[in-house]
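Now for the letters of each chain:
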Amino acid sequence: TGETDLFPGITVYIYRMPPLSVIIITYNEERNIGRCLESVKDVADDILVVDSYSTDRTVEICKQHSARVVFHPFEGYIEQKNWALSQALYPHVLSLDADEALSDQLRESIRKVKEQWTHDGYYFNRLTCYCGKWIKHGSWYPSRKLRLWDSSKGAWHGLNPHDRFRMIPEARKKKLEGDLLHYSYFSIREHIEQSQSFAEIVARAYYRAGRKARLFHIIFSPSWRFFRDFFIKLGFLDGYYGYLIALYSARETNMKYRKLRRIHLEEGSQPVNRICFINSTKSWGGGEKWHLDVAISMHNRGKEVLVITNRRSALFNRIIHTRLNVINVSISNLSFLNPLKIFQIAAILKRERVKTAILNLSTDLKIAGLSAKLAGVKNIIYRRGIAVPVRNTLLNRILFRRLITGMIANSEETRRTILMNNKTLLDSRKIRVIYNGIDLKRFDRMDRTPIYQKKKGEVVIGNAGRLSVEKGQLYLINLAKELKKMRIPFTILIAGTGSLENKLINYASTQGVSEEIRFLGFVENIRSVTSSIDLFVLTSLWEGFGFVLVEAMADSKPVIAFDIGSSAEIIENGKTGYIVEKGNIGAMAEKIRMLAENPDLCKEMGKNGRRRVEDKFEIGRCIEQVEEMIDSF
């Protein structure tokens, strides 16, 4: 944007159309892929084909159309499409199957969207060609498909082979004009063979999800499917082929439930020992990060994982980008007084075959702990991440003695405070200290672009956390005042939001240090902060576990913190950083001066910190300890 020489005084705005990646997964699709690629060439800026090692001419045809081809073994439709998303060049994506193509009208609609992208996702009707006839009724039309979206707003979910793209709750969607053309079956035999294959895949997916096949499903569900598709949805208007589609859809429904029943008889009714993470917090913090990281890591290790959270939570908005199964349940502080809510969660836990439930908040313990007990969940684990004593109330005595089978403390300091008010609240042998783990591989892949450009000769100090009383950011402002007196050139970067934000900004102004302190707001990528700083300072007055210290150490930065118990479990004083007396700003400023004057010491402490994280706080160690705890019950 800017003024032009041709039209002085007039600002010219130039809008750049967002580039679009088209993603297609293939296996032996030589019959269809050319048509698909030809239909998208005018709207695609990047055409990616993820092929599962086709043995026909599929790859050759793709290269003739200048498509980018990558190979990946097929693990399932959902898994393949999510992996393909990670290979796209651009965040705006159009996802198609090889047997689909854009109609002229839909292609024009997509071209207009590229000129002015106003929504997060776009859906359209799919029109299917069956044995040479276009099907315009029944359950096959209009079949709405969400296929054009900003990929940062969702991920593929569902049960194979019936995948669907699920977007975050606040995502805005819009319908486009024009049909997505689907060239499905060229013969009735193809339909019969495919329906048999799909029935097997769905039955296996249902089994892994803990579903059962009752006689009701086998007898009545197919009849209802035929009646709905052929009569209610007017499938009869498509004549003979409409009848065949309704008939084979009913047949597939019958087959999938019969196959599911057979699998249960052959392999038993308990497919896996499912682990359920229950976290109702709507905001984002250390506990939510722990639940997400551990759930993802366990899923990657082949565990069956389920997450129950509030739909409008920050945790859900992150889970939507993963392959984790998630169920939304509205949970509040008073939900434990609602018997219907308790039984709702109990029904979910029983249906999903949950063996281990890991709870986050005291609120979760009160409602989900009781639900888990009613559902017969074997292991009920309460993870506590705050170093504050548990109140010695009648309700807590019942919960801790009758419901909890184990407890995770995120530090020795947290463990010490749990039983401070009542030594008999819980058998101390049931409490395990498991430090928060960091996924160093993922951390090292994060974008390191600095959020702040350092000036020559200055020391850049970092801090991150919720802007609240316990995080002690007021001490940072007093620290800035002290450093200014010592004539040390510096800038303090504070990442985070919270209730004290305006108060802190005003206090910095009254203390004359507004120019030296940058309030960054919420920062999604912590690496952009740690890569901008020389050292990290934590002024928290109490912490269950200062995970931000670990993140700074992972980026080879020395750290300084108040001595609040858990800090000494992370920092090796004098080796990876310094621990100073709580509230002693003068001592903290002196340590900063020492590091500012000795860059070699600063670098050495950073290296030591990285090694300590690798040895003690890597996510693999955390997962192994959680698994050992679960297996010990």
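Residues numbered from 1 in each chain as written. Predicted model: local features only at pLDDT ≥ 70, side-chain atom pairs only at ≥ 80, totals over all residues. Heavy atoms only, no water.

Turning our attention to the overall build of the protein chain. For the protein chain, the count of helices and strands is 22 helices and 26 strands. Taken along its principal axes, the extent of the C-alpha atoms in the protein chain is 85 × 80 × 40 Å. In the protein chain, 72% of the contacts between residues at least 6 apart in sequence involve partners at least 24 apart. About 29,400 Å² of surface is accessible on the protein chain, with carbon and sulfur atoms providing 50% of the total. With 97 positive and 70 negative side-chain charges, the protein chain shows a spacing of 7 Å between the two charge centroids. (Helix = DSSP H or I, 4+ residues; strand = E, 2+ residues; numbered from the N terminus. Contact = heavy atoms within 4.5 Å. Areas by Shrake-Rupley, 256 points an atom, 1.4 Å probe, with all protein chains shown as cover. Lys, Arg positive; Asp, Glu negative; His and termini not counted. Charge placed at Lys NZ, Arg CZ, Asp CG, Glu CD.)

The next subject is the side chain of Asp 97. For Asp 97, the location among the structural elements is in strand S6 (residues 92–97). Here Lys 81 takes part through its side chain, which lies 3.1 Å from a polar atom of the side chain of Asp 97. Apart from the residues within four sequence positions on either side, Asp 97 is in contact with Ile 24, Cys 36, Lys 81, Arg 126 and Arg 147. (Polar contact = N/O pair within 3.5 Å; in protein donor to acceptor, adjacent residues only side chain to side chain.)

A separate point is the packing of aromatic side chains. This structure, assessed with the given rule, holds 28 aromatic pairs. Between Trp 149 and Phe 165 the ring centres are 3.7 Å apart and the planes differ by 10°, which places this aromatic pair in the stacked class. Within this pair, whereas Trp 149 is found in strand S10 (residues 143–150), its partner Phe 165 is found in strand S12 (residues 162–167), the two being separated by 16 residues in sequence. Summarising the aromatic geometry, the rings of Tyr 206 and Tyr 257 are spaced 6.2 Å apart at their centres and angled 45° between planes, so their arrangement reads as tilted. Of this pair, Tyr 206 sits in helix H5 (residues 188–208) while Tyr 257 sits in helix H7 (residues 239–267); the two residues are 51 residues apart in sequence, bridging distant segments of the chain. Like Tyr 206, the residue Tyr 257 is buried in the burial classification. An aromatic cluster is defined as three or more aromatic residues linked by ring pairs; in this entry it consists of Trp 224, Phe 226, Phe 227, Phe 230, Phe 231, Phe 236 and Tyr 243. (Phe/Tyr/Trp six-rings, centres within 6.5 Å; stacked < 30°, edge-to-face > 60°. Buried < 20%, exposed > 50% of the residue type's maximum accessible area, 1.4 Å probe, protein only.)

Further remarks concern the sheet that holds strand S24 (residues 535–538). Within the open sheet, the 6 strands sit side by side as S23-S22-S21-S24-S25-S26. Their pairing is parallel. Looking at which strands have only one partner, the edges of the open sheet turn out to be strand S23 (517–521) and strand S26 (577–580). Across the sheet, the mean angle from the axis of one strand to that of its neighbour is 20°, orientation sign disregarded. Two strands pair when backbone bridges link them, and strand S21 (residues 459–464) and strand S22 (residues 490–495) are joined in this way by 6 bridges, in the parallel orientation. Residue Gly 462 lies in a different strand from S22, and its bridge partner there is Leu 493. Sitting on the sheet, helix H15 (residues 473–485) touches S21, S22, S23, S24 and strand S25 (559–562), and the angle it makes with S22 is about 170°. (Pairing = 2+ DSSP bridges. Axes fitted to C-alpha atoms, helices over the stretch in contact; angles between N-to-C directions.)

Burial of strand S18 (residues 379–384) is extensive: 6 of the 6 residues sit out of reach of the surface. Neither face of S18 is open: one carries Asn 379, Ile 381 and Arg 383, the other Ile 380, Tyr 382 and Arg 384, and all of them are buried. Bridge analysis of strand S17 (residues 354–359) against S18 gives 4 bridges, and the strand direction is parallel. Bridge pairing in S18 links Ala 357 to Ile 380.

What follows covers a nonpolar patch on the surface. There is a patch of nonpolar side chains on the surface, built from Trp 224, Phe 227, Phe 231, Ile 232, Leu 234, Phe 236 and Leu 237 and spanning about 690 Å² of accessible area. Its place among the elements puts Phe 236 in the loop between helix H6 (215–232) and H7. (Patch = residues over 30% accessible without salt bridge, like charges linked within 9 Å, V, L, I, M, F, W, Y side chains within 5 Å. Salt bridge = Lys/Arg side-chain N within 4 Å of Asp/Glu carboxyl O.)

Following both chains from N to C, one finds H15 and helix H16 (residues 501–510) inclined at 15°, their axes separated by 10 Å at the closest point. The angle between H15 and H16 places the two elements in the roughly parallel class. Handedness of the H15/H16 crossing: right-handed. Residues Gln 473, Leu 474, Ile 477 and Asn 478 of H15 touch H16, and the partners they reach there are Leu 504, Tyr 507 and Ala 508. Its residues assigned to classes, the contact of H15 with H16 shows 5 nonpolar, 2 polar and no charged. (Parallel < 35°, antiparallel > 145°, perpendicular 65-115°, else oblique. Left-handed = near helix turned anticlockwise from the far one by under 90°. Nonpolar A, V, L, I, M, F, W, Y, C, P; charged D, E, K, R; others polar.)

Turning our attention to the side chain of Asp 238. Topologically, Asp 238 is positioned in the loop between H6 and H7. Nearest to the buried, unbridged Asp 238 among oppositely charged side chains is Lys 133, at 4.6 Å. In this structure the side chain of Asp 238 is engaged in a polar contact, spanning 3.3 Å, whose partner is the backbone nitrogen of Lys 136. Filtering out sequence-adjacent residues up to four positions away, Asp 238 remains in contact with Lys 133, Trp 134, Ile 135, Lys 136 and His 137.

Glancing now at the nonpolar core. Within the largest apolar cluster, 44 residues are counted, with the highest numbers of intra-cluster contacts made by Trp 149, Phe 277, Trp 290, Met 298, Val 307, Leu 324 and Val 626. Counting 35 residues, the second-largest nonpolar core is a separate cluster that includes Leu 306, Ile 404, Leu 419 and Leu 425. (Core = buried A, V, L, I, M, F, W, Y, C linked by side-chain atoms within 4.5 Å.)

A cis amide bond links Tyr 141 to the next residue, Pro 142, at an omega of -5°. Note that Pro 142 resides in the loop between strand S9 (133–135) and S10. Look at Arg 353: it is not a glycine, yet its phi comes out positive at around 55°. With respect to the secondary-structure elements, Arg 353 resides in the loop between helix H10 (339–351) and S17. Under the relative-accessibility criterion, Arg 353 is labelled buried at 16%. Phi at Arg 487 is positive, roughly 60°, even though this residue is not glycine.

In this section: the sheet that holds strand S16 (residues 325–328). Across the sheet, which stays open at both edges, the 7 strands sit in the order S16-S15-S14-S17-S18-S19-S20 with parallel pairing between neighbours. The strands lining the two open edges of the sheet, one partner per strand, are S16 and strand S20 (431–433). Sheet twist, expressed as the average angle between the axes of neighbouring strands with direction ignored, equals 25°. Where strand S14 (residues 274–279) and S17 come together, 5 bridges link them in parallel fashion. Of the residues in S17, the one forming a bridge with Cys 276 is Ala 357.

Honestly, that's just the spatial picture; any functional story needs more than this.
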